[in-house]
Amino acid sequence: MEIFQSIINYILDLGSAIFVPLIILLLGLIAGMAFKKAFMSAITLGIAFTGMSMVIGFMSEAVGPASEALAKNTGISLPALDLGWTGAASITWSWSYAFVFFAVVIGVNFLMLVFKLTKTLNVDMWNVWGKALTAYLVYFISGSLIAGFITAIVQVILELKMGDMFQKHIQDLTGIPLVTVTHLMNISAVLLLPFNVVMDKIPFFNKRADTNALKKKIGIFSENSVMGFIIGLLLGLAAAYGISGSLNLAIQIATAMALFPMISKLFMQSLSPLADAMSEMMKKRFKDREVYIGLDWPILAGRSEIWVTAILLVPVFIGYAMILPGNAVLPLAGIINYSIAVGGLLLTGGNLYRMLTLGVISMPLYLYSATYLAPVLTGLAEKTKAVELAKGQQITWSSIEGPEFRILFAEAFKGNWLAIAGGIAFISLFIWLYRYMTKAEVPSKRYSEVSP
């Protein structure tokens, strides 16, 4: 076991920009690509992930301090420290069972492909830690390690089915063939679905409102750089940065918004040859069978709707933290809530009006879930010694992905009958979402008119 952990640690230390391209290189060679072509695809994918990570980090470093200043201006002080996903990941990897979930993810995916229960091959091994976190949360709450593993297996199955249901929509949004996203943050679409269906009945929400469509109405103000500048300026002023500081923040966010679509083209350049090779291989060996390549969410990061939604919801997130009774979390490290933005993008096809409305509706869930999660992550940190904590200090993650799924299953295995009913309802909603997205038109065809 120690040897296995050492090997996995070494691979993880290489970073996702090396680890994932290595898998893509192997897949390309298996699919019959020439080594030169497969190698170039892998290198380009590594560049794409590195570039996207750099710009996301740049964006976060710009928005984070402004959000903290905005929070300080409100005078609120809450006990649970928000470490974000990076803190949660480092603590989770310190759990002794974490590395076992590589086998869980690969094994479940293999069986589902063999029995034709999915078309998705998940190569996003970097996010295995998310399954381990789910297992530990369920184990911590229910006291059953077996229950933790069962829930993690359910999560893997749901992620693969989300890869299937969202694939055509992701292909339409990104232009990359036979590629999908298997990240848990997609699951936010489950609870957002009923609200989105209600919006289907309201004319205002049934006009095209993605950034491309809005260009016909608002012209230059729909350009990524201009939107980023305006949003950054408003955030800076709200954070009391002054004119100079606000203008600098505006330029920083405008820069990130302008770079996102440029870097996203590298994903298409690297993955399209592999998709073609995989498609040809499947046609030769398996009649009428195709396989989707499941990747991390940054392949969607070129869509400006994600960033417009996430940043505009920053003051909403902080406002909720101030007024919600029982909330113990001030969102800082997790202030940019990708879960709401990515799930909203896939569900609505990039309709900004819907995405923002759904974000406002669902944001309290994340704060209360982070409050619930605080003793769990704090307990894991104390157990593994991964993070040094002051006496009585608590840590958490304000934008934890799939909080409703994780908490419902944890409480259900504890014997909470209300949670058991909630878990059944959640799976029922997931099935509804699967059918809804399978039948739904792709984003480019979903709305025929431009919103006024």
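Computed from a predicted structure; not experimentally measured. (Residues numbered from 1 in each chain as written. Predicted model: local features only at pLDDT ≥ 70, side-chain atom pairs only at ≥ 80, totals over all residues. Heavy atoms only, no water.)

Caption draft 1: Up close: the overall build of the chain. Across its full length, the chain carries 18 helices and 5 strands. For the chain, the spread of C-alpha atoms along the three principal axes comes to 60 × 55 × 40 Å. Taken over 452 residues, the chain has a buried fraction of 56%. Relative to all contacts within the chain whose residues are 6 or more apart in sequence, the contacts with residues 24 or more apart total 80%. Of the roughly 18,900 Å² of accessible surface on the chain, 66% is carried by carbon and sulfur atoms. Side chains of the chain carry 31 positive and 25 negative charges; the gap between the two charge centres is 8 Å. (Helix = DSSP H or I, 4+ residues; strand = E, 2+ residues; numbered from the N terminus. Buried < 20%, exposed > 50% of the residue type's maximum accessible area, 1.4 Å probe, protein only. Contact = heavy atoms within 4.5 Å. Areas by Shrake-Rupley, 256 points an atom, 1.4 Å probe, with all protein chains shown as cover. Lys, Arg positive; Asp, Glu negative; His and termini not counted. Charge placed at Lys NZ, Arg CZ, Asp CG, Glu CD.)

Caption draft 2: Molecular detail of the sheet that holds strand β2 (residues 120-122). If you trace the 3 strands from one edge of the open sheet to the other, you get β2-β4-β3, paired in parallel fashion. The open sheet has two free edges, formed respectively by β2 and β3 (179-181), since each of these has just one partner strand. Strand after strand, the sheet turns through a mean of 35 degrees between neighbouring axes, direction not considered. Against the sheet, helix α7 (residues 145-174) touches β2, β3 and β4 (292-295), its axis set at about 125 degrees to β3. (Pairing = 2+ DSSP bridges. Axes fitted to C-alpha atoms, helices over the stretch in contact; angles between N-to-C directions.)

Caption draft 3: A look at the pattern of salt bridges. This model, assessed by the stated rule, comprises 7 salt bridges. Put simply, glutamate 290 and lysine 119 hold a salt bridge, and the shortest N to O gap is 3.8 Å. With glutamate 290 in the loop between α11 (242-285) and β4 and lysine 119 in the loop between α5 (101-114) and β2, this pair connects stretches of sequence that are 171 residues apart. By relative accessible area, which is 37% here, lysine 119 ends up partly exposed. Aspartate 200 is paired through a salt bridge with arginine 354; the nearest N and O atoms lie 2.8 Å apart. (Salt bridge = Lys/Arg side-chain N within 4 Å of Asp/Glu carboxyl O.)

Caption draft 4: A look at the environment of glycine 175. Among the secondary structure elements, glycine 175 is positioned in the loop between α7 and β3. The residues touching glycine 175, leaving out its near neighbours within four places in the chain, are Ile170 and Met268.

Caption draft 5: Spotlight on the packing of aromatic side chains. Applying the stated criterion across every chain, the model contains 21 aromatic pairs. Judged by centre distance (6.4 Å) and plane angle (85 degrees), the rings of tyrosine 97 and phenylalanine 149 are edge-to-face. Taken together, the residues span a long stretch of sequence, with tyrosine 97 in the loop between α4 (84-93) and α5 and phenylalanine 149 in helix α7 at a distance of 52 residues. In this structure tyrosine 97 comes out as partly exposed when scored by relative accessible area, which is 36%. (Phe/Tyr/Trp six-rings, centres within 6.5 Å; stacked < 30°, edge-to-face > 60°.)

Caption draft 6: Structural view of the environment of glycine 107. Turning to its location among the elements, glycine 107 is positioned in helix α5. Of the residues examined, glycine 107 reaches a relative accessible area of 28% and is grouped as partly exposed. A sequence separation of 46 residues divides glycine 107 from isoleucine 153, and the C-alpha atoms of the two residues are 9.7 Å apart.

Caption draft 7: Representation of the side chain of serine 246 within the structure. Residue position: serine 246 is located in helix α11. There is a polar contact of 3.4 Å between the side chain of serine 246 and the backbone oxygen of glycine 236. Excluding residues within four positions of it along the chain, serine 246 makes contact with Gly232, Leu233, Gly236, Leu237 and Tyr241. (Polar contact = N/O pair within 3.5 Å; in protein donor to acceptor, adjacent residues only side chain to side chain.)

Caption draft 8: Geometry of the packing of α5 against helix α6 (residues 128-142). Contact pair α5 / α6: the axes reach a minimum separation of 9 Å and the direction vectors enclose 110 degrees. By the criterion of interaxial angle, the relationship of α5 to α6 is roughly perpendicular. Counting all contacts with α5, which are made through Phe101, Phe102 and Val105, the residues of α6 involved are Val128, Lys131, Ala132 and Ala135. (Parallel < 35°, antiparallel > 145°, perpendicular 65-115°, else oblique.)

Caption draft 9: Focus on the nonpolar core. Membership of the largest hydrophobic core comes to 138 residues, with the highest contact counts inside it found for Met59 and Trp307. Looking at this core element by element, the count peaks at 15 residues for helix α3 (residues 35-74). Once residues lying within four places of it in the same chain are set aside, the contact partners of methionine 59 are Ile253, Ala256, Met257, Phe260, Trp307, Ile311 and Ile336. (Core = buried A, V, L, I, M, F, W, Y, C linked by side-chain atoms within 4.5 Å.)

Caption draft 10: Layout of helix α12 (residues 304-312). Burial analysis of α12 places 8 of its 9 residues in the buried class, which makes it a mostly covered element. Of all the residues in α12, the buried ones are Ser304, Glu305, Ile306, Trp307, Val308, Thr309, Ala310 and Ile311.

Caption draft 11: Representation of helix α10 (residues 224-238) in the model. Helix length check: α10 (15 residues) gives 21 Å between terminal C-alpha atoms against 21 Å at 1.5 Å per residue, within 8%. Restricting attention to buried positions, one finds in α10 the residues Asn224, Met227, Gly228, Ile231, Gly232, Leu235 and Gly236. Along the long axis of α10, the arc covered by the buried residues comes to 160 degrees, so they all point the same way. At the C-terminal side of α10, alanine 240 shows a positive phi close to 65 degrees. (Expected span 1.5 Å × (residues − 1). Arc of directions from axis to C-beta.)

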